[in-house]
Structure formats: C-alpha cells, structure tokens
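Residue-level structure breakdown
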Amino acid sequence: MPSGNRYRGSITDYAGFDPNQDAEALYTAMKGFGSDKEAILELITSRSNKQRQEICQSYKSLYGKDLIDDLKYELTGKFERLIVGLMKPLAYFDAKEIKDAISGIGTDEKCLIEILASRTNKQIHQLVEAYKDAYERNLEEDVIADTSGHFKKMLVVLLQGTREEDDVVSEDLVAQDVKDLYEAGEQKWGTDEAQFIYILGNRSKQHLRLVFDEYLKTTGIPIEASIRGELSGDFEKLMLAVVKCIRSTSEYFAERLFKAMKGLGTRDNTLIRIMVSRSELDMLDIREVFRTKYEKSLYSMIKNDTSGEYKKALLKLCGGDDDAAGQFFPEAAKVAYQMWELSAVSRVELKGTVRPRPDFDPEADAKALRKAMKGLGTDEDTIIDIVTHRSNDQRQQIRQTFKSHFGRDLMADLKSEISGNLAKLILGLMMPPAHYDAKQLKKAMEGAGTDEQALIEILATRNNQEIQAINEAYQEDYHKSLEDDLTSDTSGHLKRILVSLATGNRDEGPENSDQAREDAQVIAEILEIADTTSSGDKPSLETRFMSILCSRSYQHLRRVFQEFIKMTNHDVEHTIKKEMSGDVQDALVAIVQSVKNKPLFFADKLYKSMKGAGTDEKTLTRIMVSRSEIDLLNIRREFIEKYDKSLHHVIESDNSGDYLKALLALCGGED
C-alpha cells in the first residue's frame, strides 16, 4: 500500500546512541557463566541496522573480537538466528538466506521466491554485490546451477534488477500486454511462458497494476486464475508471488506471516526472515494489512505462537499491538475499502467441477448400476464413477430409466447396497438439489437439539430461486411448511433471521448510494460504533438491521459495507464478531461472508470440517454435494489461495476408502 515517503518501519534510530557504551553493555551481558539474554535482546532490537553496524566496529576496536561470533557462541536456536540476522546489513542478511536456500541437498524454493519476488531493483543490486563479497561467488551462476526450467529463467530475469520504474503508463502498451498474456495462456494450446516471463519480469509496478485490472475487465478472469491454470510447480508459485508483490508487497508479507504461524508448528525461518528484513521498511503497513485481513493483530498472533526470549525479540520488532486500541489504524480502513472496491468490480465466472457428460446414455448407465448391485458383493467403483461424472439432470434421467427398465427404485437399491459416509454422499448426489437441501434442513431440526450451523449455511447462501425451490420441495416431501418448522425449532433473533432468509425475498436490484449510507448508519448504531445517533429506538433499529442484511441485494450490501468502512474505520464482519455472540453472530457473519465472497465462505467451512482431530463428514458431504455443479472450482481456487494447500490434498489426507474416492471425483482435480 503506497504510503508516500513517510517512514513505515517499526524500528527507528535510538536517540542518544553511543556505540562504545552499547559494545560494553553487550560484552558485559556475555561475560562469565551464562549470558544475559534479556539485556542482549533489549539492546539489539532497540537500535537501527546502521547503529548495529557501528556497535560491531566499536566492539572489535574495544575487545579485538567479532561481535557476531561472540553472539553465535553465547546464543542458541531460533533466538540466535534472529539476533545474528539483525546484526547483518540487509543485503548481507538476504545473501546468507539465499546461500542457505541453495546449499546442501535440496533447495528452499520458497525462500528464493520470497526474496527475489519482493525486492526492489536497488535491493537486488545490493544483494548481488553482498553475495559476491561474502562468498566470492556469482549469485546468478549459483542460482542457475541449482534450479531449472522456466523457474530458473524467471529467477535470472529478477536477478538483473532491471524492472522499469517509470510511473508514466502507456494505455496502448497496457492493451498490448493484456492481449499478449491472454494469447500466451488462455487462448493458446499449451502456454507461451516466455511472454509471461518478459512482461511480469520487466514492466513497472504501476503499469502491471493497470494490466491486471484490464485483464480482468477484458477476459473476466483474474490474472492469478490464468497463472494457476496455465503454469505449474515452482514456476507457478514464483509468478503468483510476483503478482502479489506488484499488487501490494505489504499484503504479500502479511499473508506469508499468517501462513508461517497458522496450524500446527511454526515456520520459524520464514517468520525470522520477514520480521528481520521488513522491520525498517514497511512493518507498519504489514501490520495494518494483517489486522484488516485476518481480524487479529500480528502482535497477538506472534505472542500466542512463540515463546521465551525469541518471542520477546519478535514482539519488539513488531513494534506494537493493533488490538490494544480495539480498532484499526485509519490506513487499514482504507486498505479494506480498496479491497471492497476491487471485489465490487470483479465479476468472476462461477464454475462447478461436475458437468453434463457429453455422450450420456441413461439406459447404459441404468444397466451398469443394476449390474454393480446384483448378486454377491457390490461394485462400488462403478457406482462412484457413474454418479460423480453425471450432472444432476442426467442422474434424474437415470433414476427414471432404472424404474422403467427394472421396475425398481434406484434410491432404495443404492440404500441397501452401500452404507456409511459413501451412502450419504451418493444418495445426496442422486437427489434433485432443492430436495437435498430440504432434507438437510429437516435433519438439522429433527430429534433432540438443532444443528444451527447447517440451517445457517444453507439459508444464508442460497439465492431467491433456490430458496423458493427448497420451500416447495420441503412442503412436497414433509407435508408441512419450512417456515413453520423453523419457527417452532428456533427462537429469538436467530429465528427472525432464518425465517426472513427462508422467504426468498431478497431484493435483486442494483445498489442505491443514498440508501447505502443510511443502511451503514443503522448498522453502525446497532453495533454501537456510530459517531452520531438517529432518533430510532433500539428494537426498531434491530429490526431494520436484520432487514438490511436479510433483504437487500448483494450488490447493494457490498456498497453498504464500503460505506460502513468509510464511516467507522471498521470492517462490518470484524465488528459483528466483536459485538455479538452465539448463533446470531454466526448467522450474520455467514450473510456478510456470502456477500463478500461466497466461494471463500465455503472454502473456510471445508477447511474447518477437516482440520484438527476428526472430520465433520456431515458438513464436508453437504458442501461437496451442493456446490459440485455451482462453484466448486472457485471454492478450490479460494482454498489453495488461503490455505496454501489444495482441497484435493486436504481431502486425501483426511479421508479414506470409497468415500475418499467419491470425494476426490467430485473435487475434480489437484490444483
């Protein structure tokens, strides 16, 4: 995020700096038995890199010893790596990271990608010089010897440090680059990687941002989706990193930091490298983006994920807790606003993973299924293959043909032949979508206890047409109205929200700017963060608040959320999470996430259904069945983007047997 020429690092020059005094303090801290780690970290994290270099010189003059060698001797593990990293000039720190990445067996491609995709021309030139000085070797030659293919070619281009830096952009050249990229990838049989390398490796940031915007407008496809579809392996990862850094270096690093700490175990090398290398460049920007994107401060995540002196030193480099004030930096609201603007413009085509089979023959399929279930044993592979590779319309034709041919009910036969999770998945796929959703809603309300999460997930994400079809199916299958069952099975605000969603009366018109400002004001008042208050009493405001979220069009709500950010400096989703609780919070957050990015909402639900101990097969099955023909391909893209691993991979690691085979067939491929 551009911040003009203001300094955006978290570490600044120490006032009243005296290198001799600091050298003596460090010598004392390391003298005798054991070292005073607290004193070492306090001093080193409070000085700028330039001041640390002066301390090194003073230390050598005073004691005839190398300070870095002494620190290495006294300290150990991650803490040592962090402190020693801070003592080196940035170019030498980068050089050491790259040397480690390409030395020994195997290459740390992620480290190479991170450094070379994110550094400026000047930083690249300094890195090349530092590498030559420190190791008496040529960096380009070492990278060439250790990498291969298009990945190697792009790294070599980045190592030249010759990206154009002109802010004046030619519209004609933008149009030409969009055409060249499209023809090199989406329109071509095979991919012309050289075009991607030339354009993404050399054009200025300003120029490329316009190319990406224009590419989306012209093709309807984000450049990232084209790269994922056309390139592969480390080359694909490198090009995606370049695109991210062009769009926003601070967002790229915020994402890398989040991924380094989420889940089991911490990727300490990544965490150290970013905290050291960005502390005097853009740590404040990274913190802002982190806070906006992940709804928690970088400080709190480091605090919960690390320990000891290592933690204390990292927190000093972070420089402050953005949760402490309970709100965003003003700049963070602007970042969030820009994200909204972007999402409002982009109209990404939704694609499922299951499509109608071109050479469909219902008679042949009915016979094959009958054969698979006749006699001793069941041929599950045939059942899975047919059911997961036909569209729902085609499955309905198979059911009809099966009855006409054999006088038998295909669903009843399947039920008696297969069981467990596989049966739930296959039988779910065989039902028309509205009847499947109706059944899931009915099951969520049956027996003791209600599955509010299932009710929320279905009702908050279906469009008017789908909701109306669900109401008809529910009435037909259970001879009672969905609204009546929701009314008797839920209570309070949750009941009002679900019943309202179940009417399927959401407005479908365009946004209304004046109305959006009014709506944003109502939401701000209900969430108690408005600067001014209207005369409305709380109960009537609550009714209006729910009515806004349950009945305004998606397009209009996007504008409302933008106005809310402008008005309050807060993100509406984060505020709901902070101010509300329980099922009501879950329902409102689900609506907001659906409006923002529905495929991402489902990607999150899928991830949560499989992370940790045990799998939530109900949720996993429900989403895979219900989204397979709508947007499962988009969900897959959001999944890999957010979690750095493919949906295919996570499903494979978390399930087994025939259920796994069927899930992978629906998933439709490895990303």
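Residues numbered from 1 in each chain as written. Predicted model: local features only at pLDDT ≥ 70, side-chain atom pairs only at ≥ 80, totals over all residues. Heavy atoms only, no water.

Examining the overall build of the protein
This is how the line gets drawn: Helix and strand assignments come from DSSP, with helices taken as H or I runs of at least 4 residues and strands as E runs of at least 2, each series counted from the N terminus. Note on method: radius of gyration uses C-alpha positions; expected globular size equals 2.2 Å times residues raised to 0.38. Three exposure classes are used, based on accessible area relative to the maximum for each residue type with a 1.4 Å probe and protein chains only: buried under 20%, partly exposed in between, and exposed over 50%. What makes two residues a contact is simply this: any of their non-hydrogen atoms within 4.5 Å. Each accessible area is a Shrake-Rupley result for a 1.4 Å probe, and residues are judged covered by the shown protein chains and nothing else.
When helices and strands are tallied, the protein shows 40 helices and 0 strands. Against the 2.2 N^0.38 benchmark of 26 Å for 671 residues, the protein shows a C-alpha radius of gyration of 29 Å, consistent with a compact globule. With respect to the three principal axes, the spread of C-alpha positions in the protein is 95 × 65 × 60 Å. Sorting the 671 residues of the protein into buried and exposed places 51% on the buried side. Considering only intrachain contacts with a sequence separation of at least 6, the fraction spanning at least 24 residues in the protein is 73%. Entry remark: accessible area of the protein is about 30100 Å², with carbon and sulfur atoms responsible for 47%.

Overview of the domain arrangement of the protein
Condition: Just so you know, the domain bounds were taken from an automatic or database domain assignment.
Its domain assignment divides the protein into domain 1 (25-87), domain 2 (91-162), domain 3 (250-325), domain 4 (362-418), domain 5 (448-503) and domain 6 (598-667). Inter-centroid distance (C-alpha atoms) of domain 4 to domain 5 is 31 Å.

A short note on the environment of K618
The topology assignment puts K618 in helix α37 (residues 617-627). For K618, a relative accessible area of 59% gives the class exposed.

Looking at the packing of aromatic side chains
Just so we agree on the cut-off: Only rings of Phe, Tyr and Trp enter the pairing, Trp through its six-membered ring, and a pair is recorded when the two centres are within 6.5 Å. The plane angle decides the type: under 30 degrees is stacked, over 60 is edge-to-face, the rest tilted. Look at NZ for Lys and CZ for Arg. If either is within 6 Å of the ring centre and within 35 degrees of the ring normal, a charge sits over the ring.
Counted under the stated rule, the structure contains 15 aromatic pairs. Note on F639 and Y643: the rings are 5.3 Å apart at their centroids and 55° apart in plane angle, and the pair reads as tilted. Remark: Y643 and F639 occur in helix α38 (residues 632-643); sequence separation between them is 4 residues, near one turn of the helix. Accessibility assignment for this pair places F639 and Y643 in one class, buried. Lying over the aromatic face of Y135, K99 brings its terminal NZ or CZ to 5.6 Å of the ring centre. The ring of Y478 is capped by K442, whose NZ or CZ atom sits 5.6 Å from the centre of that ring.

Focus on the state of the cysteines
The condition that has to hold: When two cysteine sulfur atoms lie within 2.5 Å, the pair is treated as a disulfide.
The tally for this structure, following the rule as stated, stands at 0 disulfides. For the unlinked cysteine C111, the closest cysteine sulfur is that of C245, found at 13 Å.

Focus on a negative patch on the surface
Rules: Grouping into patches uses exposed residues only, defined as over 30% relative accessible area, and leaves out salt-bridged ones; the cut-off is 9 Å for like charges and 5 Å for nonpolar side chains (Val, Leu, Ile, Met, Phe, Trp, Tyr). Counted as salt bridges are all cases of a side-chain nitrogen of Lys or Arg within 4 Å of a carboxyl oxygen of Asp or Glu. We count Lys and Arg on the positive side and Asp and Glu on the negative side, and we leave His and both chain ends out. By convention, the charge on Lys lies at NZ, on Arg at CZ, on Asp at CG and on Glu at CD.
A surface patch of like charges, here negative, comprises E171, D172, D213 and E214. Mapped onto the negative patch, the elements with two or more residues apiece are α11 (171-184) and α13 (205-219). As for its placement among the helices and strands, D213 is situated in helix α13.

What about a positive patch on the surface?
A grouping of K415, K424, K443 and K618 is seen on the molecular surface, where their side chains present a positively charged patch. Structurally, K415 is set in helix α25 (residues 410-417). Exposure remark for K415: the relative accessible area of 56% places this residue in the exposed category.

As for unusual backbone geometry
A positive phi angle, close to 50°, is found at E136, a residue other than glycine. For E136, a relative accessible area of 72% gives the class exposed. With a phi angle near 55°, H479 is a residue other than glycine that sits in the positive phi range. Relative to the elements of secondary structure, H479 occurs in the loop between α29 (464-478) and α30 (482-489).

Side note on the side chain of T568
Note the threshold: By the criterion applied in these results, polar contacts are pairs of N or O atoms within 3.5 Å in which, for protein atoms, one can donate a hydrogen and the other can accept it, and in which residues neighboring in sequence qualify only through two side-chain atoms.
Inspection of the secondary structure puts T568 in helix α34 (residues 554-568). Classification of T568 as buried rests on a relative accessible area of 11%. Within the structure, T568 has its side chain in polar contact with the backbone oxygen of F564 (distance 2.7 Å).

Regarding helix α24 (residues 392-406)
Defined as follows: In a helix, the anticipated span is given by 1.5 Å times the number of residues less one.
Here α24 spans 21 Å end to end across 15 residues, near enough to the 21 Å set by a 1.5 Å rise per residue. Within α24 the residues assigned to the buried category are N392, Q394, R395, I398, T401 and F402. Contacts made by the buried residues of α24 are with α22 (362-373), α23 (380-388), α25, α26 (420-430) and α27 (433-445). Phi turns positive, to about 60°, at G407, one or two residues after α24.

Points about the pattern of salt bridges
In total, this model carries 45 salt bridges according to the counting rule given. The closest approach of N and O atoms between E97 and R273, which form a salt bridge, is 3.1 Å. With E97 in helix α6 (residues 90-102) and R273 in helix α17 (residues 268-278), this residue pair connects regions lying 176 residues apart in the sequence. For the pair formed by E97 and R273, the shared burial category is buried. Among the ionic pairs, K596 bridges to E573, the shortest N-O distance being 2.8 Å. Of the two residues, K596 sits in helix α36 (residues 582-610) while E573 sits in helix α35 (residues 572-579), which places them 23 residues apart along the sequence. Salt bridges linked by common partners bring R228, K244, E251, E255, K259, K293 and E641 together as one network.

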